[in-house]
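Topology and contacts: notes
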Amino acid sequence: MIKLIKFIPVILLLGATDLYAQGEGLTEDEQLFKDSIEALNLDFATVQKAKETYNQGIKQFESKDYKGAVSSFGSSIKLFPRFLNAYFNRGVAYSQMKDYDKAIRDFSTVIDSNNSKAIAYAKRAEAYGALGEYDKAIADYKTTIKHQPRNAVAYYNMGDMYFMKEEYLTAIDEFTKAIKLDNNYAYSYNDRGSSYRRLEKYAEAIMDYQKAASISPDLAFIYNNLGSTRKKMGRYEEALSAFNKAVEVNPEFYIAYNNRGGLYFEQGKMDLALKDFNQAITINNKYAPAYSNRGSVMHRQEKYKEAIADFDKAIQSNPQYANAYVNRGTSKEMIRDINGACSDWNKGKELGSVQGKKYQMNNCY
Amino acid sequence: MKKSILVIVISAVGALQLTAQNVEFKASNFKDRKDEMNTIVENMKAADVILESANEDISNVRDPKNKFKEILPVYREAQAFNPNNAEVNLKLGNTLLYTNEKYEAKKYLDRAQELSKEMSPMLHFYLGQAEQLAYNFPLAIKHYKTFEETAKNKLAENYKKISGKYKKECKYGKEFKGNPERVWVDNMKEVNSSADDYSPCISADGELLMFTSNRDNGHAKNKYGNYDGDIYFSGLNGRTFAAAKNAGTPLSTPKDETASALAYDGQRLLMFKEDNGNMDIYESTLDGVLWGEPVKKLSKIPNTEHNETYATYEPQDIKVFYIFDGMTRGDKEIFVSGLMVYTIADYNKWGKGQSIGQPVTTRYNEGSVFVHPDGNTMYFSSQGHNSMGGYDIFMTTRNKLEQWTKPVNMGYPINTPYDDLFYASTANGKHAYISSNRDGGQGSMDLYQVTFWGPTKKMAIGSEDFLLASIAEPIEDVQIEAAVEVDKKSLTVFKGKVIDNITRSPLGADIVIVDNATGKVFSRFKSNSATGKFLLSLPAGKNYGISVNKEGYLFHSENFDILAESDYNLVNKDVELKNIAVGSKIALRNVFFETGKAIIDPTSHTELGRLVDLLNDVPSLVIELGGHTDNVGSAELNTRLSGDRAAVVVGYLKKEGISASRLQAKGYGPTRPVDTNSTSEGRQNNRRTEFMIVAN
């Protein structure tokens with residue numbers, strides 16, 4: 001019994017330490033370790049959430065809910081600030097929403113992380129291009145090409161940037177490089193043709209447009225470009241057949257109807273011109289040039305009130321459309337509203353119309 | 001029978017009404033107004049004489065001067081008194097045709113036609129003119145032809161020459177009316193009056209208009225009931241002219257003044273007025289805002305006892321063109337006089353006037369002349385050339401040889417079958433100012449503004465192209481980075497202890513953790529030899545295998561789950577290892593006996609149970625149970641007790657199913673102490689039951 005009693009403290013002590021070591025009770029070191037594991041688990045949870053939100057953003061993007069996608073990517077970035085893919089995707093979503101400044105910011109984040117691929121440069125270049133910052137776009141395309149020397153589309157896009165800067169010879173060079181890398185890309189031929197056209201090298205332009213059309217015969221705008229170029233060369237019958245082809249390929253291509261109508265107008269074929277302008281308006285009832293051109297037909301037919309009504313509609317569709325103001329002034333003069341005419345010619349002049357300036361100077365003082 | 005008479009009576013009455021009744025100036029027709037009628041008839045008789053003379057002037061292309069003006073009120077009164085007299089209507093119509101109220105003539109001549117049983121040739125002649133004025137050219141020509149075929153007397157012969165001209169005018173009129181000029185001709189309503197407003201003069205910049213008017217100016221009327229002509233001005237206010245104001249003295253006086261032309265800079269005015277019984281040209285110069293006293297423009301030589309009237313400047317100021325009527329023919333012509341001397345002292349010395357000559361001059365009257373600021377274009381009015389009636393305005397240009405070219409009619413609606421005169425234009429040619437007594441004005445002669453449309457304005461035809469394909473059909477390349485795997489990672493703290501299964505003392509053992517799903521080793525480590533503890537973190541949501549290995553101990557392995565959704569991320573696992581090393585001695589510290597006896601205390605069963613487990617787990621184990629004591633008391637007694645106690649434990653084990661062949665018992669007594677016997681603690685440690693592994 002006494003022996004038993006002697007043992008008890010030991011047992012108790014042993015027992016106590018055992019109890020202390022298991023379950024709720026932890027040593028200080030063990031607690032620290034447990035806390036650090038908990039902290040780590042919190043990190044893991046955060047990253048998980050970030051990835052889930054990111055994946056949700058992708059789903060939204062694919063269903064064209066760009067606003068939702070932006071929000072989701074943003075949340076994932078908040079949870080995981082180094083989530084470069086999320087920045088990139090958000091940038092693309094912003095580009096789709098045409099919010100190019102924000103897109104550029106995101107692409108720049110990806111690029112500055114020194115962890116980027118060529119595509120970030122390419123996408124940023126697109127956004128710069130959309131904002132009209134052509135030199136910045138060109139710099140980014142050049143970097144893209146450094147990473148991907150066989151990227152024909154990058155050369156093509158760079159060509160477009162030079163076109164927008166009106167450096168047509170350089171543009172032609174870039175398009176030519178793009179064509180060398182991929183000679184089956186109609187866009188490169190088309191845009192090179194347009195560059196020649198701007199340089200008034202119409203024969204070369206026609207050749208390129210025709211090549212583009214042969215590669216992609218379903219692109220109406222190529223035929224339209226062909227048509228308007230031939231019109232500039234005075235080859236009216238050929239221009240007409242090109243416009244005809246354009247609307248055959250795409251019966252909703254109101255631009256070609258309007259151009260064909262303009263051709264008829266110049267040839268004095270007012271009935272055919274009117275038909276085409278009406279068709280353009282039927283397809284797109286906010287297309288200012290078609291209203292303005294139809295008004296011009298009315299004016300030639302001495303229907304001045306109808307003409308003015310059409311010019312009004314053109315201006316409603318596009319309040320900056322100089323031609324409509326100039327033409328409306330010309331019609332207002334014929335109904336003896338010289339004050340109205342002068343006001344309209346002046347507005348046309350302000351919007352950059354040389355014709356408006358001439359009429360205003362010669363008739364209003 | 002009655003019916004037919006009725007019909008005849010009705011138709012007779014009807015017939016009478018168709019040809020209106022001509023009412024003669026007879027006392028019987030104006031019973032209550034005999035005296036009035038007589039006065040009127042007297043006046044008419046006197047007027048008739050003047051009318052005949054005036055008509056003769058017309059037929060000889062002479063200026064009838066004021067004859068028609070004089071007789072007009074007489075016939076008006078007579079017609080008002082007796083509207084249904086064919087002759088008075090005819091005479092009134094005739095008279096009106098040669099005044100500025102010729103637009104009234106038609107209604108009286110029509111009336112005369114209604115009242116005449118038979119139309120006189122002269123009625124046809126005048127009706128022809130009235131229809132010509134009304135643009136009814138085929139009908140007018142018909143009347144003229146009828147006149148020519150029916151007129152018999154001497155006067156008529158002269159008139160036939162004129163009617164021939166009028167027929168031609170009708171042909172021209174038809175042509176011009178069918179091809180209107182690209183102009184607007186607007187009555188200057190703000191400026192005109194019901195009286196004569198004529199001879200517009202415009203400054204080259206188009207901002208100052210001066211003209212002549214015989215509207216009410218507060219002076220006394222003359223014997224024809226007209227006010228004297230005064231000079232008026234109006235300034236351009238935006239796009240319209242302000243109401244006219246009298247220029248006042250020294251330009252306007254109670255005598256007749258007529259403005260002719262404004263210098264291009266608007267600082268000098270040519271005018272004419274009577275001096276010594278004939279008209280002379282004067283000039284007034286603007287001094288600040290006041291016009292100076294007019295002085296004679298031309299020196300004595302060109303200034304004759306004939307009439308020099310409407311004059312114009314020309315850009316170099318060394319010539320003056322003017323209207324002159326001093327030639328033998330007596331018709332008004334365009335003359336030109338050149339400056340003789342160029343020094344300032346003799347600056348007013350002008351050369352003898354000369355006719356402008358062919359092809360401008362005609363044997364008919366020229367009424368006004370204007371030279372455009374460009375110096376090479378002249379506008380003048382004339383009854384000749386291809387006028388379509390009365391005065392028309394013509395344009396002629398000067399060629400390189402300084403010769404004037406064939407004049408061109410300005411066309412309709414600048415010209416009409418009425419009198420259209422006094423062309424004056426601004427320098428830019430957008431506007432011109434004329435006078436006309438055409439129908440639809442404010443009364444008599446009126447000022448009209450001509451606005452030239454200019455060349456046909458082109459319409460701005462807009463076209464658009466998508467020159468860049470990427471804008472026409474934007475590339476739908478919207479690649480984004482792909483979705484990522486979401487691994488639900490969470491760590492769980494895995495802690496535990498390795499202890500000896502019997503003695504419970506901590507062991508340092510080799511531990512291997514394996515991920516059972518993949519079979520891959522997750523971690524290898526050793527438990528702490530002093531505490532037997534181990535501590536690591538394991539990813540949750542897996543099943544792990546743990547194997548614990550220490551030499552001399554039975555290899556231990558088991559598996560366990562670390563659940564993914566554990567709230568409490570701590571898993572504790574203690575591992576007990578079983579000692580199986582041969583020769584190792586393990587004290588059974590938890591086996592108790594009753595004092596001095598070899599009877600196992602029931603509290604020992606737990607540990608003994610562990611021993612049973614060990615023996616069952618390792619079937620090859622052979623053990624020796626040894627009893628040990630301290631050195632207190634008899635060695636022999638101690639040895640026997642320890643032996644008995646060992647045997648009792650063996651008996652227990654056997655009872656628990658352990659084969660006897662594996663069990664040995666021995667009493668060692670005090671012979672194998674493990675501690676000192678001089679302390680009570682030491683003695684306690686020595687008093688023990690131990691088992692030793694004999695074989696495994």
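Our subject is the structure listed above.
Summarised in this report is the structure supplied together with it. (Residues numbered from 1 in each chain as written. Chains lettered and ligands numbered in written order. Predicted model: local features only at pLDDT ≥ 70, side-chain atom pairs only at ≥ 80, totals over all residues. Heavy atoms only, no water.)

1. Some thoughts on the overall build of chain A
- Broken down by element type, chain A carries 20 helices and zero strands.
- By the burial criterion, 52% of the 365 residues in chain A qualify as buried.
- Residue pairs at least 24 apart in sequence account for 42% of intrachain contacts in chain A once pairs closer than 6 positions are excluded.
- Summed over its atoms, the accessible surface of chain A is roughly 17900 Å², and 52% of this surface lies on carbon and sulfur atoms. (Helix = DSSP H or I, 4+ residues; strand = E, 2+ residues; numbered from the N terminus. Buried < 20%, exposed > 50% of the residue type's maximum accessible area, 1.4 Å probe, protein only. Contact = heavy atoms within 4.5 Å. Areas by Shrake-Rupley, 256 points an atom, 1.4 Å probe, with all protein chains shown as cover.)

2. So, the pattern of salt bridges
- Applying the stated criterion to the full structure yields 49 salt bridges over all chains.
- With its nearest N and O atoms 3.6 Å apart, the salt bridge here joins Glu174(A) to Lys177(A). Taken together, the residues Glu174(A) and Lys177(A), both in helix α9 (residues 168-181) and three residues apart, mark about one turn of the helix.
- Measuring nitrogen to oxygen at the nearest pair gives 3.0 Å for the salt bridge that ties Arg504(B) to Glu576(B). In this pair, Arg504(B) is assigned in the loop between β23 (491-500) and β24 (510-515) and Glu576(B) in strand β29 (residues 570-577), connecting sequence segments 72 residues apart.
- A relative accessible area of 30% places Glu576(B) in the partly exposed class.
- Three or more residues are tied together by salt bridges with common partners; here these are Asp312(A), Arg328(A), Lys332(A) and Asp344(A). (Salt bridge = Lys/Arg side-chain N within 4 Å of Asp/Glu carboxyl O.)

3. Examining the interface of chain A and chain B
- Each partner contributes residues to the interface: chain A has 84 residues there, and chain B has 59 residues.
- Across the interface of chain A and chain B, roughly 6400 Å² is buried in total on both sides, 57% from carbon and sulfur atoms.
- Run the count over chain A and chain B and you get five salt bridges.
- Arg197(A) is paired through a salt bridge with Asp465(B); the nearest N and O atoms lie 2.8 Å apart.
- Between the two partners, chain A and chain B, sit 27 residue pairs in polar contact (both at pLDDT 80 or more). (Buried area = accessible area lost by both parts, 1.4 Å probe. Polar contact = N/O pair within 3.5 Å; in protein donor to acceptor, adjacent residues only side chain to side chain.)

4. Some remarks on the sheet that holds strand β26 (residues 533-539) of chain B
- Strand order in this open sheet of three strands is β26-β23-β29 (chain B), and the pairing throughout is mixed. Of all strands in the sheet, those with a lone pairing partner are β26 and β29 of chain B, marking the two edges. In this sheet, adjacent strand axes meet at a mean angle of 25° when their direction is disregarded.
- Relative to β26(B), β23(B) runs antiparallel, the two being bridged by seven bridges. Its bridge partner lying in β26(B), Leu491(B) is registered against Pro539(B).
- The sheet strands contacting helix α2 (residues 28-62) of chain A are β23, β26 and β29 of chain B, and the helix crosses β23(B) at an angle near 150°. (Pairing = 2+ DSSP bridges. Axes fitted to C-alpha atoms, helices over the stretch in contact; angles between N-to-C directions.)

5. Examining the sheet that holds strand β25 (residues 520-526) of chain B
Residues and elements named next belong to chain B.
- Ordered by their spatial adjacency, four strands build an open sheet running β25-β24-β27-β28, and the pairing between neighbours is antiparallel. This sheet does not close on itself; its edge strands, each paired only once, are β25 and β28 (556-562). Averaged over all pairs of adjacent strands, the angle between strand axes in this sheet comes to 20°, irrespective of strand direction.
- Bridge count between β24 and β25: six bridges; the pairing is antiparallel.

6. Digging into the side chain of Ser260(B)
Residue and element names in this part refer to chain B.
- Position of serine 260 among the secondary structure elements: in strand β7 (residues 257-262).
- Using a relative accessible area of 11% as the deciding quantity, one classes serine 260 as buried.
- A polar contact of 3.4 Å, which involves the side chain of serine 260, links it to the backbone nitrogen of alanine 311.
- Setting aside chain neighbours within four positions, we find serine 260 in contact with Cys201, Leu270, Met271, Phe272, Thr309, Tyr310 and Ala311.

7. Some details on the state of the cysteines
Residues and elements named next belong to chain A.
- The full count for this structure, using the stated rule, is one disulfide over all chains.
- A disulfide bridge connects cysteine 342 with cysteine 364, and the sulfur atoms are separated by 1.9 Å. Across the disulfide from cysteine 342 to cysteine 364, rotation about the S-S bond amounts to roughly -95°, and the bridge is consequently left-handed. Of this pair, cysteine 342 sits in helix α19 (residues 338-350) while cysteine 364 sits in the segment after α20 (354-363), and the two are 22 residues apart along the sequence. The residues cysteine 342 and cysteine 364 share a single accessibility class, namely buried. (Disulfide = S-S within 2.5 Å.)

8. A closer look at a positive patch on the surface
- A surface patch of positive charge is lined by Lys145(B), Lys161(B), Lys168(B), Lys171(B) and Arg363(B).
- Among the elements that line the positive patch, the one with the most residues is helix α8 (residues 154-178) of chain B, at three residues. (Patch = residues over 30% accessible without salt bridge, like charges linked within 9 Å, V, L, I, M, F, W, Y side chains within 5 Å. Lys, Arg positive; Asp, Glu negative; His and termini not counted. Charge placed at Lys NZ, Arg CZ, Asp CG, Glu CD.)

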